[in-house]
Amino acid sequence: MARSHSWTSTGQQLFRLPTSLKLLFPSDDDIPAPTVGVGHENKHLFCQLAIEIPLQEIVEATAKAGWEEAEVLTAIIKGADNLVLAHGSNADLDALLKAPAA
């Protein structure tokens, strides 16, 4: 059975995304919940361990699709960086919205 795809482009056709991205990414059941509370000194390490296997599966799936591993890892880093920047911007905006009027 052929998989249907939708074209994604910015001025030209760059790549095709499967219409069901759930096939490519882990489900909520694949990632364990935290076992330590907020403020635990190693919570970030437990989070890293929790996402390492699903992240490796994404790297392997994209390599099978023909992407070079270095490209994939760079894209993951850039994507994570963009999320951090957006999170910081959102936090700054939330702080401004909650600040008392001058």
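Residues numbered from 1 in each chain as written. Predicted model: local features only at pLDDT ≥ 70, side-chain atom pairs only at ≥ 80, totals over all residues. Heavy atoms only, no water.

**Q** Provide a residue-level description of a negative patch on the surface, including the pertinent values.
**A** On the surface, Asp 30, Glu 57, Glu 60 and Glu 69 cluster together into a negatively charged patch. Overall, Glu 57 belongs to the partly exposed group, its relative accessible area being 44%. (Patch = residues over 30% accessible without salt bridge, like charges linked within 9 Å, V, L, I, M, F, W, Y side chains within 5 Å. Areas by Shrake-Rupley, 256 points an atom, 1.4 Å probe, with all protein chains shown as cover. Salt bridge = Lys/Arg side-chain N within 4 Å of Asp/Glu carboxyl O. Lys, Arg positive; Asp, Glu negative; His and termini not counted. Charge placed at Lys NZ, Arg CZ, Asp CG, Glu CD. Buried < 20%, exposed > 50% of the residue type's maximum accessible area, 1.4 Å probe, protein only.)

**Q** An account of the layout of surface pockets is requested, with residue identities and associated values reported.
**A** The calculated volume of the second largest pocket comes to roughly 160 Å³. Taken together, Gln 48, Ile 51, Glu 52, Leu 55, Gln 56, Val 59, Glu 69 and Leu 73 make up the lining of the second largest pocket. Secondary structure elements with two or more residues in the lining of the second largest pocket: helix H1 (43-64) and helix H2 (69-98). Take the lining of the second largest pocket: its biggest share by element is 6 residues, from H1. Within the lining of the second largest pocket, the residues separate by chemical class into 4 nonpolar, 2 polar and 2 charged. (1 Å grid on protein atoms, 1.4 Å probe; cavity = no way out; pocket = protein on both sides within 12 Å on 5 of 7 lines; lining within 4 Å. Points joined across faces, edges and corners; volume = space filled by probe spheres on them. Helix = DSSP H or I, 4+ residues; strand = E, 2+ residues; numbered from the N terminus. Nonpolar A, V, L, I, M, F, W, Y, C, P; charged D, E, K, R; others polar.)

**Q** Mind laying out a nonpolar patch on the surface, listing which residues take part and the relevant values?
**A** On the surface, a nonpolar cluster with roughly 210 Å² of combined accessible area is contributed by Ile 31, Ile 51 and Leu 55. Tracing the sequence through the fold places Ile 31 in the loop between strand S2 (13-18) and H1.

**Q** Mind laying out the confidence of the model for the protein, listing which residues take part and the relevant values?
**A** In the predicted model, the protein carries a mean pLDDT of 77, and 70% of its residues have values of at least 70. Of all the helices and strands in the protein, strand S1 (residues 5-9) carries the lowest mean pLDDT, 46, while H1 carries the highest, 90. Contacts for the low-pLDDT stretch residues 1-9, under 50 throughout, to residues beyond four places or in other chains number 20 contacts. (pLDDT = per-residue confidence, 0-100. Contact = heavy atoms within 4.5 Å.)

**Q** Help me get a handle on the environment of Leu 73, residues and values and all.
**A** Along the chain, Leu 73 falls in helix H2. For the pair formed by Leu 73 and Leu 55, sequence separation is 18 residues and the distance between their alpha carbons is 9.8 Å.

**Q** Quick one: what's the story with H1, residue by residue and with numbers?
**A** With 22 residues, H1 ought to run about 32 Å at 1.5 Å a step, and its terminal C-alpha atoms sit 32 Å apart, in line with that. The largest bend in H1 is about 35°, located at Glu 52, with the proline Pro 54 one to four residues further on. Listing the buried residues of H1 in full gives Ala 50, Pro 54, Ile 58 and Val 59. Check the buried side of H1 and you find it contacts H2. Downstream of H1 by one or two residues, Gly 66 has phi in the positive range, about 115°. (Expected span 1.5 Å × (residues − 1). Bend = angle between axes of the 7 residues up to and from the residue.)

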